[in-house]
Amino acid sequence: MKTILIILLVYFGLKFLFRLLAPYAMRYIAKKAAQRFENAFGQAPFNDAGATYTQPNPSKSADDIPKSNGKVVGEYIDFEEID
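A quick note: this is a predicted structure, and the numbers were derived from the prediction, not measured.

### Re the overall build of the chain
- When you go through the chain residue by residue, the secondary structure sums to 1 helix and 4 strands.
- Going from N to C terminus, the chain has its helices and strands arranged as α-β-β-β-β.
- For the chain, the proportion of its 83 residues judged to be buried stands at 2%.
- On the chain, roughly 8,300 Å² of surface is accessible, and the fraction owed to carbon and sulfur atoms is 62%.

Now the structure itself:
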């Protein structure tokens, strides 16, 4: 009987400790994964490979060029994904 009580006490004690320490362990694992990802892919891992940006054509007038907050931005080029 004493052995069963010790086993149950250890089980519930470990279960309680894991619940307390789980958020810290998950935060540590996420931080390490982010560091490894950054080391593998550099500072800008999400470059749009399919998106195309072109400079505004100087032959167009300023009224034809889309504006964002008063600043001139390039044309939008639609593209299709290749399977």
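Back to the write-up after that little detour.
### A short note on helix α1 (residues 2-41)
- Under the 1.5 Å per step criterion, the end-to-end length of α1 is 56 Å for 40 residues, consistent within 8% with the ideal 58 Å.
- Phi turns positive, to about 85 degrees, at Gly42, one or two residues after α1.

### Focus on a nonpolar patch on the surface
- Together, Ile6, Val10, Leu14, Phe16, Leu17, Phe18, Leu20, Leu21 and Tyr24 make up an exposed nonpolar region whose accessible area comes to about 950 Å².
- Structurally, Phe16 is set in helix α1.
- For Phe16, a relative accessible area of 54% puts it in the exposed group.

Definitions and limits used
Residues numbered from 1 in each chain as written. Predicted model: local features only at pLDDT ≥ 70, side-chain atom pairs only at ≥ 80, totals over all residues. Heavy atoms only, no water. Helix = DSSP H or I, 4+ residues; strand = E, 2+ residues; numbered from the N terminus. Buried < 20%, exposed > 50% of the residue type's maximum accessible area, 1.4 Å probe, protein only. Areas by Shrake-Rupley, 256 points an atom, 1.4 Å probe, with all protein chains shown as cover. Expected span 1.5 Å × (residues − 1). Patch = residues over 30% accessible without salt bridge, like charges linked within 9 Å, V, L, I, M, F, W, Y side chains within 5 Å. Salt bridge = Lys/Arg side-chain N within 4 Å of Asp/Glu carboxyl O.

Such coordinate-based values are descriptive only and should not be taken to indicate function.
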